[in-house]
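Notes for the structure review
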Amino acid sequence: MTRILIVEDDGASRRLLEQLLASDGYRVASARDGADALRRLARGRFDLILLDVWMPRMTGLELLEQVRKRRPRLRIIMVTADDTSATLLHSVKRHATEFVRKPIDPDALLDVVRRVLEHPAPPPIDVVSARPEWVELVAPCTLSAANRVHDVVVHLDADLAPEVRESVGFAFRELLMNAVEWGGKLNPRRKVRISYLRAARMVLYRIADPGSGFDVAKLDHAAIAHPADPTAHLEHREAKNLRPGGFGLMMARESVDELIYNEKHNEVVFVKYLDRA
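Throughout what follows, the structure given in this document is the object of discussion. (Residues numbered from 1 in each chain as written. Predicted model: local features only at pLDDT ≥ 70, side-chain atom pairs only at ≥ 80, totals over all residues. Heavy atoms only, no water.)

Enumeration according to the criterion identifies 15 salt bridges in this entry. Between aspartate 24 and arginine 114 there is a salt bridge, with its nearest N and O atoms 2.9 Å apart. Highlighted residues: aspartate 24 in the loop between helix H1 (11-23) and strand S2 (27-31) and arginine 114 in helix H5 (residues 106-118), separated in sequence by 90 residues. With its nearest N and O atoms 3.5 Å apart, the salt bridge here joins aspartate 111 to arginine 114. Pair noted here: aspartate 111 and arginine 114 are both in helix H5, with a separation of three residues, about one helical turn. Each of Glu8, Asp52 and Lys102 takes part in a single network of salt bridges with overlapping partners. (Salt bridge = Lys/Arg side-chain N within 4 Å of Asp/Glu carboxyl O. Helix = DSSP H or I, 4+ residues; strand = E, 2+ residues; numbered from the N terminus.)

Okay, structure coming up:
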């Protein structure tokens with residue numbers, strides 16, 4: 001039977017998680033803080049840890065670091081109300097598997113637990129730089145890793161106006177998904193490099209994928225290749241039996257102030273000027 005360890009300082013929250021997971025058929029144990037959790041981990045085997053961040057004696061982030069030294073592939077889901085960029089980046093740096101925010105949605109939490117347990121531990125996302133004004137990540141070319149990177153990076157812009165955050169988030173997601181899907185071929189052994197720079201008057205993103213690049217003139221199935229008639233690509237998509245779409249790159253370009261590719265088109269930089277917003 002799958003064994004889950006809940007590490008939670010709040011007694012009411014801990015009991016809620018125990019009841020929720022036990023009702024779904026899991027064998028559940030709990031610890032009140034990091035020191036208690038280390039004792040339980042030394043005595044038994046667990047398949048998953050649900051880990052709160054702020055606890056007495058040893059924080060969840062400190063426990064995460066200790067566990068990674070001993071059990072580098074153990075699945076760990078951070079469960080906390082603290083979703084600041086520093087906490088998110090530290091969790092990613094110490095290779096937390098997932099991040100669930102409080103207040104807890106029971107159905108959403110169970111979905112995350114099931115998904116994490118059903119799949120092998122994902123390749124880690126490496127944090128090259130975790131300064132708030134300069135974040136740099138190296139991630140495997142998988143959709144799950146791209147989703148995790150997107151959640152972290154978009155949160156770095158939480159203080160921006162909603163319309164700015166929305167436009168930047170859309171462009172980032174579209175370009176990142178293109179990088180892992182087309183550049184990285186969804187191969188977890190290949191890596192995509194993401195940089196985020198925050199200045200007083202702008203935010204800048206850079207995405208570099210491991211692919212050979214592309215020629216815009218040969219993207220007849222994408223709207224960006226038909227500036228005079230953005231719907232002309234639809235016939236090409238139908239002929240190639242591709243799903244409806246092809247507007248992503250064009251919409252990403254319209255969402256930001258500058259979008260620049262390198263010569264091979266396997267690296268892209270885009271900028272949003274905050275003073276214009």
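Here the focus is helix H2 (residues 34-43). Every buried residue of H2 is listed here: Gly34, Asp36, Ala37, Leu38 and Leu41. Where H2 is buried, its residues touch strand S1 (3-7), S2, strand S3 (48-51) and helix H3 (60-70). The backbone nitrogen of alanine 35 lies 3.2 Å from a side-chain oxygen of the residue at the head of H2, namely aspartate 33. (Buried < 20%, exposed > 50% of the residue type's maximum accessible area, 1.4 Å probe, protein only. Contact = heavy atoms within 4.5 Å. Polar contact = N/O pair within 3.5 Å; in protein donor to acceptor, adjacent residues only side chain to side chain.)

In any sheet, the strands associate via hydrogen bonds between backbone groups, in a parallel or an antiparallel arrangement. Strand order in the open sheet made by the six strands is S6-S7-S8-S9-S11-S10, with antiparallel pairing throughout. Only two strands of the sheet have a single partner each, and these edge strands are strand S6 (126-131) and strand S10 (258-261). Taking the axes of each pair of neighbouring strands and ignoring which way they run, one obtains an average angle of 10° across the sheet. Here S6 runs beside strand S7 (residues 134-140); their pairing, made up of five bridges, is antiparallel. In the strand pairing of S7, arginine 131 is matched with tryptophan 134. (Pairing = 2+ DSSP bridges. Axes fitted to C-alpha atoms, helices over the stretch in contact; angles between N-to-C directions.)

Attention shifts here to the environment of glycine 184. Within the secondary structure, glycine 184 is located in the loop between helix H7 (162-183) and strand S8 (191-198). Counting along the chain gives 42 residues from glycine 184 to threonine 142, while the straight-line C-alpha distance between them is 8.2 Å. In contact with glycine 184, not counting residues within four places along its chain, are Cys141, Ala179, Arg190 and Pro210.

On the basis of which strands lie adjacent, the open sheet formed by five strands has the order S2-S1-S3-S4-S5 and parallel pairing. The open sheet has two edge strands with one neighbour each: S2 and strand S5 (98-101). Neighbour-to-neighbour, the strand axes of the sheet open up by a mean angle of 20°, direction not taken into account. Two elements, S3 and strand S4 (residues 75-80), share four bridges in a ladder whose sense is parallel. Opposite leucine 50, over in S4, you have isoleucine 77 as the bridge partner.

Restricting attention to buried positions, one finds in helix H4 (residues 85-93) the residues Thr87, Leu88, Leu89, Ser91 and Val92. The secondary structure elements touched by the buried residues of H4 are H3, S4, S5, S6, S7 and helix H6 (143-155). Backbone geometry just after H4 places histidine 95 at a positive phi near 65°.

With that settled, the discussion passes to the packing of aromatic side chains. This model, assessed by the stated rule, comprises three aromatic pairs. A ring pair is formed by phenylalanine 172 and tyrosine 205, whose centres lie 5.2 Å apart and whose planes are at 40°; its orientation type is tilted. Here phenylalanine 172, found in helix H7, pairs with tyrosine 205, found in strand S9 (residues 202-208); they are 33 residues apart in sequence, far enough to count as distant. As far as the burial class goes, phenylalanine 172 and tyrosine 205 line up, both buried. When the centroid spacing of 4.7 Å and the interplanar angle of 10° are considered together, the rings of tyrosine 205 and phenylalanine 270 count as stacked. Taken together, the residues tyrosine 205 in strand S9 and phenylalanine 270 in strand S11 (residues 267-273) connect sequence positions 65 residues apart. Per residue, the accessibility class of tyrosine 205 equals that of phenylalanine 270, and both read buried. In textbook terms, an aromatic cluster arises when at least three aromatic residues are bridged by ring pairs, as seen for Phe172, Tyr196, Tyr205 and Phe270. For arginine 3, the ring lying beneath its charged end belongs to phenylalanine 46, and the centroid distance is 4.5 Å. (Phe/Tyr/Trp six-rings, centres within 6.5 Å; stacked < 30°, edge-to-face > 60°. Lys NZ or Arg CZ within 6 Å of the ring centre and 35° of its normal.)

Bringing the pairing of S11 into the picture now. Note that S9 and S11 share seven bridges and pair antiparallel. Each bridged residue has a counterpart across the sheet, and for tyrosine 205 the counterpart in S11 is phenylalanine 270. As defined by bridge partners, S10 adjoins S11 across four bridges and the pair is classed as antiparallel. The residue of S11 that forms the bridge with tyrosine 261 is valine 268. The hairpin formed by S10 and S11 contains five residues between the paired strands, and histidine 265 there has a positive phi angle of roughly 65°.

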